[in-house]
Structures are given as C-alpha cells and as structure tokens.
Amino acid sequence: MNVKIEASWREVLQDEFKKPYFKGITEHLKTEKEQGKTIYPPGSLIFNAFEQTPFDKVKVVLLGQDPYHGPGQAMGLSFSVQNGVPAPPSLVNIFKEIHDDTGAPIPRSGNLTKWAQQGVLLLNASLTVRAREPMSHSKIGWHHFTDTVIQKVSELKEGVVFLLWGKFAQEKTALINTKKHYILKAAHPSPLAAHNGFFGCQHFSKTNEYFVKHGKDPIDWAI
C-alpha cells in the first residue's frame, strides 16, 4: 500500500501499512467519500503532523484525541487550526497558559506549524473525522496506528517530553518507557476541565527546563 507519508516515518512505520487494520482504514475512508461524506482534514493533510515533524526531529509529543470537525479547521496537527480560523476554546486556554507560564504574547493565529517544525509532534489519536460528527472515526483503526507511533517514539528515541492532557491522553502512559522519557500530565485544556489543573501546570516552561538541563534547544512557544 502506497501511503504518502514523510520518508523517515515511512521507514519506522512501514510494517503498519501492510497490516489488515490499516487496509481497513483506507477502505472505510474510500467508502465514506463515495457516499458523499465530508471528511476532515483534507486528504493531503491527514499525515501533516508527520510531514512537519520528521521522526529524527521529534522532541515533544502533544497528544490530542480527535481532529476538529468544523469546516476549514482541521489541518492534521492536534489542537491547531488553519490561518484565519478563530482559535477553538481549548486552544485559547493553551495560549492563556503559555502567556501566564512564559510571558509569550497571545497569538492572533491558531496555526501551530511553528511548533511542529521545532520538533513538537502534534498527534491526534484519530487522524480523520466526519464533518460535524466528533469521534466518528475513533473506532476505524486509527488508534492502533497512533498507539504504534507512540510506542516507536518511546522505543527508538530518548529524552522526549510527552504532554498528556486529560484522562484519554494519560492512559497512553502505558505505551511509554518512563525511564527514558519525561511525562507531564495535567487536566485537558477544554473549558470544562482547564480549571481542574491545566491552568497553572507550567508544562511549557517545564519542557524547556528539561531540554536545557539535557543540552537541547528549548521550544519557542510564541507563534
């Protein structure tokens, strides 16, 4: 199966593309398109997180759950939206915490490509979704694929910071070698949960403190 994904990730994940579950994903998406369903993000952006953050560049994994399901929002990067699209509530809260934590100004754009290009893998557990139907592709096989991504990062790399926000993301701790990597946990930044421990978590400064301590360049969180 010829999957268009960045070369270093293709090498790491090549076995996955041969497995029955992955064929099932592609057939499911093809069927829904033939039925006239709208799927986000556009096909060219489904693997955008991998394109923007090659495997050898990964320093941080920021795990989201589901792509945005509104028109023009999803761009294949967790929590990120296209230029010109208003930042959704969770992203607004992320920017508030960055400002309070690091002093970085709250940006006008919700496009997080700048983070991705510095080594922040903005990974959603599901890589697609039907328009206006949240979690609609959460059981078509994507979780097998993205769990493998997390496991490969844990297995083949060292000193990666995993930002796990909310119960769903924190359950992925079981996939990570905690002796090799740095895990930071907090409540989800959604308005329903942010006041339960996301605000004040200081994950952005803590990430950079870890990198400086280990001789790596910090992330510039300003957009």
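Quantities reported herein were computed from a predicted structural model and do not represent experimental measurements. Along each chain, numbering runs from 1 in the same order as the chain's sequence is written. Two thresholds apply to this predicted model, a pLDDT of at least 70 for residue-level local features and 80 or more for giving and counting side-chain atom pairs, whereas whole-chain, interface and lining totals are computed over all residues. Excluding hydrogens and water, the side-chain figures rest on all heavy atoms present in the structure.

Caption draft 1: Spotlight on the side chain of Thr-207. Within the element layout of this structure, Thr-207 appears in helix 8 (residues 203-213). Only protein chains enter the area calculation, which uses a 1.4 Å probe; residues under 20% of their type maximum are buried, those over 50% are exposed, and those in between are partly exposed. For Thr-207, a relative accessible area of 0% corresponds to the buried category. Under this definition, polar contacts are N or O atom pairs within 3.5 Å; protein pairs additionally need one hydrogen-donor-capable and one acceptor-capable atom, and for neighbouring residues in sequence, both atoms have to be side-chain atoms. Among the polar contacts listed, one links the side chain of Thr-207 to the backbone oxygen of His-203, at a separation of 2.7 Å. With sequence-adjacent residues up to four places away left out, Thr-207 is seen in contact with Val-60, Val-161, Leu-163, Leu-184 and Trp-221. To qualify as a helix, a DSSP run of H or I must reach at least 4 residues; to qualify as a strand, a run of E must reach at least 2; elements of each kind are numbered from the N terminus. Whether two residues are in contact is decided by their heavy atoms: any pair within 4.5 Å suffices.

Caption draft 2: Structural detail: the packing of helix 2 (residues 20-34) against helix 6 (residues 142-156). Orientation is described by axes fitted as lines to C-alpha atoms, over the contacting stretch for helices, and by angles from 0 to 180 degrees between their N-to-C directions. At a minimum axis distance of 9 Å, the contact between helix 2 and helix 6 shows a crossing angle of 130°. Comparing their axes, helix 6 and helix 2 come out oblique. Like other packed secondary-structure pairs, helix 2 and helix 6 cross with a definite hand, here left-handed. Of the residues in helix 6, those touching helix 2 at Tyr-21, Phe-22, Ile-25 and Leu-29 are Trp-142, His-144 and Phe-145. Classifying every residue of the contact of helix 2 with helix 6 by side-chain character gives six nonpolar, one polar and no charged. Roughly parallel here means an angle under 35 degrees, roughly antiparallel means over 145, roughly perpendicular means 65 to 115, and every remaining angle is called oblique. Take the far helix as the reference: if the near one is turned anticlockwise from it by less than a right angle, the crossing is left-handed, and if turned clockwise, right-handed. Ten residue types, Ala, Val, Leu, Ile, Met, Phe, Trp, Tyr, Cys and Pro, are classed as nonpolar, four, Asp, Glu, Lys and Arg, as charged, and the remainder, Gly among them, as polar.

Caption draft 3: Spotlight on the environment of His-144. Relative to the elements of secondary structure, His-144 occurs in helix 6. Along the chain, His-144 and Gly-70 lie 74 residues apart, while their C-alpha atoms are 25 Å from each other.

Caption draft 4: How the structure looks around the packing of helix 4 (residues 89-102) against helix 8. Viewed as axis vectors pointing N to C, helix 4 and helix 8 meet at an angle of 55°, and their least axial separation amounts to 8 Å. On the basis of the axis angle, helix 4 is oblique to helix 8. Contact residues: Ile-94, Glu-97, Ile-98, Asp-101 and Thr-102 in helix 4; His-203, Phe-204 and Ser-205 in helix 8. When its residues are assigned to classes, the contact of helix 4 with helix 8 shows three nonpolar, three polar and two charged.

Caption draft 5: Inspection of the nonpolar core at higher detail. Joining through side-chain atoms within 4.5 Å is the link that ties buried Ala, Val, Leu, Ile, Met, Phe, Trp, Tyr and Cys residues into a set, and such a set is a nonpolar core. Among the nonpolar cores identified, the biggest contains 72 residues, and Trp-9, Phe-47, Phe-50, Trp-115, Trp-142 and Phe-145 are the most heavily contacted of them. Discounting chain neighbours no more than four positions away, the residues touching Phe-50 are Ile-5, Glu-6, Trp-9, Leu-13, Leu-123, Leu-127, Phe-145 and Val-149.

Caption draft 6: Seen up close, the sheet that holds strand 2 (residues 60-64). Only strands that DSSP links by at least two bridges are regarded as paired with each other. Pairing in this open sheet of four strands is parallel, and the strands run 3-2-5-6 from one edge to the other. Of all strands in the sheet, those with a lone pairing partner are strand 3 (120-124) and strand 6 (182-186), marking the two edges. Between one strand axis and the next, the sheet turns by 20° as a mean value, whatever way the strands run. Of the strand pairs in this sheet, strand 5 (residues 161-165) and strand 6 are connected by five bridges, and their pairing is parallel. Its bridge partner being in strand 6, Leu-163 is matched across the sheet by Leu-184.

Caption draft 7: Highlighting the packing of aromatic side chains. Pairing of aromatic rings covers Phe, Tyr and Trp, the last counted by its six-membered ring, and requires centre-to-centre distances within 6.5 Å; plane angles under 30 degrees mean stacked, over 60 mean edge-to-face, and any other angle means tilted. In this structure the tally under the stated criterion is 21 aromatic pairs. Ring geometry for Phe-17 against Phe-22: centres 5.0 Å apart, planes inclined by 75°, an arrangement best described as edge-to-face. We classify Phe-17 as buried; its relative accessible area is 4%. The exposure class of Phe-22 is buried, given its relative accessible area of 2%.

Function-wise, these values are silent; they only describe arrangement.
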